[in-house]
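# Structure assessment
Chain residues, written in single-letter form:
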Amino acid sequence: ITAGAVGVVAASNDGAEISNEEYRRRMHDKIEQMERLHSAQDSESDSVDKSEQDDDAEKSEPFLGTDTEKELEVEVGGSPGTENVAAQGMISPPDPEYGQAGNDETRLAVAMAVDEEDTPMLPAAIEYDPDSKPPLYRNRRFRLYMIALVIVSLVVIVAVVVGVVTRDDGAPGAPTAAPTTTLESTYREQFASEVGDKVYKEGSPYYRAADWIMFEDPLRLQPVAPNLIQRYHMALFYFLTTSNGEKPWNTCNPPGENESDKCTYIGNEIEGIVDANATRWLSKMHECEWQGVFCDPIQNIIALEVSNQNISTTLPTEISSMPYLQAIAFYYNEFSGKIPEIYADMKQLVSLELHYNMLTGTVPDVFWQANALQLLNVGSNLLSGTISTQLGMLTQMKGFFLFQNNFTATIPTEIGNARFLSYMYLYDNELVGEIPTEIGQLTLLKEFWISENALKGRIPSELGLISDMGKRRRLLFCA
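Cut-off values and rules
Sequence order as written defines the numbering, with residues in each chain counted from 1. Given that this is a predicted model, residues contribute local features only at a pLDDT of at least 70 and side-chain atom pairs are listed and counted only at 80 or more, while totals for whole chains, interfaces and linings are drawn from all residues. Heavy atoms throughout the structure, all of them, feed into the side-chain values; hydrogens and water do not. Within the patch definition used here, like charges are joined within 9 Å and nonpolar side chains (Val, Leu, Ile, Met, Phe, Trp, Tyr) within 5 Å, considering only residues with over 30% relative accessible area and no salt bridge. Only the protein chains shown count as cover for residues, and the accessible areas themselves come from Shrake-Rupley with a 1.4 Å probe. One speaks of a salt bridge when a side-chain nitrogen belonging to Lys or Arg is within 4 Å of a carboxyl oxygen belonging to Asp or Glu. Strands here mean DSSP runs of E at least two residues long; helices mean DSSP runs of H or I at least four residues long; both are numbered from the N terminus. When accessible area is computed with a 1.4 Å probe and restricted to protein chains, residues below 20% of their type maximum are described as buried, those above 50% as exposed, and intermediate ones as partly exposed. Two strands make a pair as long as DSSP finds a minimum of two bridges between them. Here an angle of 0 to 180 degrees is reported between the N-to-C directions of two axes, which are lines fitted to C-alpha atoms, with helices fitted over the stretch in contact. Here the aromatic set is Phe, Tyr and Trp, taking the six-membered ring for Trp, and pairing holds for ring centres within 6.5 Å; pairs whose planes are under 30 degrees apart are stacked, those over 60 apart are edge-to-face, and all others are tilted. Over a ring means this: the NZ of a Lys or the CZ of an Arg is within 6 Å of the ring centre and within 35 degrees of the ring normal.

## Observations regarding a nonpolar patch on the surface
A surface patch of nonpolar side chains, amounting to about 530 Å² of accessible area, comprises Leu144, Tyr145, Ile147, Ile151 and Val155. Topologically, tyrosine 145 is positioned in helix H5 (residues 140–169).

## A closer look at unusual backbone geometry
A positive phi angle is found at asparagine 310, which is not glycine, with a value near 60°. The residue asparagine 310 is located in the loop between strand E6 (301–305) and strand E7 (327–329) in this model. The exposure class of asparagine 310 is partly exposed, given its relative accessible area of 45%. Even without a glycine there, the phi angle at glutamate 452 is positive, about 60°.

## Some details on the sheet that holds strand E13 (residues 399–401)
Pairing is mixed across the open sheet formed by 8 strands, whose spatial order is E5-E6-E7-E9-E11-E13-E15-E17. This sheet does not close on itself; its edge strands, each paired only once, are strand E5 (293–295) and strand E17 (447–449). Adjacent strand axes in the sheet meet at a mean angle of 10°, parallel and antiparallel pairs treated alike.

## Quick notes on the packing of aromatic side chains
Tallying each qualifying case throughout the model produces 21 aromatic pairs. On the basis of an interplanar angle of 5° and a centroid distance of 4.1 Å, the ring pair of phenylalanine 191 and tyrosine 232 is categorised as stacked. Here phenylalanine 191 is found in helix H6 (residues 182–195), whereas its partner tyrosine 232 is found in helix H8 (residues 228–241), with 41 residues between them in sequence. This pair shows no difference in class: phenylalanine 191 is buried, exactly as tyrosine 232 is. Note on tyrosine 425 and tryptophan 449: the rings are 4.8 Å apart at their centroids and 25° apart in plane angle, and the pair reads as stacked. Here the residue tyrosine 425 occupies a position in strand E15 (residues 423–425), and tryptophan 449 occupies one in strand E17, the gap between them amounting to 24 residues. Using a relative accessible area of 16% as the deciding quantity, one classes tyrosine 425 as buried. Through a chain of ring-to-ring contacts, three or more aromatic side chains come together here, namely Trp212, Phe237, Tyr238, Phe239, Trp249, Trp281, Trp290, Phe330 and Phe335. One Lys or Arg, arginine 188, reaches over the ring of tyrosine 207 and ends 3.9 Å from the middle of that ring.

Below, the structure is given as C-alpha cells:
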C-alpha cells in the first residue's frame, strides 16, 4: 500500500446496523477506488508537476474522507469523541505495536498507512564481474606465502644472532660455524687461494687457523692488511704441528689466561740455544716477533726456525707458498714421513735443515736440481737410497749433510763440480767404494767427514791440492 492510502475499517458484528452484503459492497467499491487511484498515479508519472500535486493529495486526503465515511462512522456506532478516530478510517484507535483496531478480540486487523519517506534505504546492488579478482592482500595463497616468508626470516635472524653470540662466548679453540657473513667469506676466500678448499672444512687446522685470525687474534687484521696471509700461514703452521692445539710445543705456546706474551725458549740446551725473552706464538705481537720467525726490514718472513719442540707430525707443505721464505730449520724434533718434494720447487729456498728427526724415504731427485740451494742438512734420520750423480749440478751448494742415515753405493765423481762446497758430512752410512779423486777440485772444502762407512782404497793424493791442508786433515779423519 503506497503513501496516501488509508486503512480498511472493520466493523463489529455486535449491534451492527450495516448488513454483510452492504459491507462487502462498500469494501468492493473502496478496492476499485484504490485500483483507480494507482492507475491514475502510473499515467501521471510523465508530468512532474501533476505528479507532485497528486502525491500531495494522496498524502493529505484519506481514502475514506467522504460523506460516506462519516456516515459509516455514525452507523457503526460513533459516539462522542470518536469523530477524529473515524476520520482516520478506524472505529477505535489502533494498537500501534500490533496493528489492531482496539483491544477487542472480535475486531479485525487494520492495514496501516505507509509513508514512502519512512521506507528504509536499501543498498544499491553491486554489479558482478566474473573476470574481476579480489585485491592481492585478500588472496589466501598470498597471505600464506607472506606468513611463511616472515617465519623463515625470523628463523634466519635468530640463527645468525645465536651463531655470533656462541662464537663470542664459546670456549677458546672451539671451531665455529660455516661462513655466515660477507666479511667472513672475504677472509676465507683469501685463505683458500693459499691452501685450497680445506679452509672450509670445519674442525681442520685450516679452518681453525682462519677462525683464529677472524675472531681471536688480538691484532684484528682487516682483509686488506698486507701481512694477513703470512700471519695466517704462521697460525696454520702452529695448528698443523700441534694437532689443532691438542699437542702443544715444549715452549712458547700461545698465551693462556693471565700469561704475558713473553716466554723462555729452549731450543737445545746442549748447544746453548736458550732465549729467556722470547715472544709467544699467536700472541698480539707482530708475527715477525714470534720465536723462531725472522723477517726482512719490510716485515716479510724470510726464515722459520722451530727446533726442539717435540713435534711429531709430518712436514707441513703449506709453507712452500710463502713467497719470501728462504730458510727452513725444523731440527731436533720428531717429524716423520718423507721430505716434501714441493720444498725443492721453492725457487728462493737456500737453506733446508731437517736433521735429528724421524724422516724416511730418500732425498727426492728434484732436490739435486735446486740450483739455488746452498745448505741441505738431513742428517740423523731414517733416510736411505743413493747419492745422485746430479749432485754436481748444485753449483751453489756450500753445506751437504747426510750423516747418520742408511745411504748406500759410492760417492759420485760428479761431486767435484760443486766447487763452492765447504762442508760435507757423510759419516755413519753404508757407503762403499773409494773416495773419488775429484774431491781435490773442491778448493774451498773445509770439513769432510766420511768415517763409519764401508769405504776402501787409498786416500786420494789430490787432496793435497786443497790449500791449508793441515786443518782440513784433522777434520777429514775425525771418527
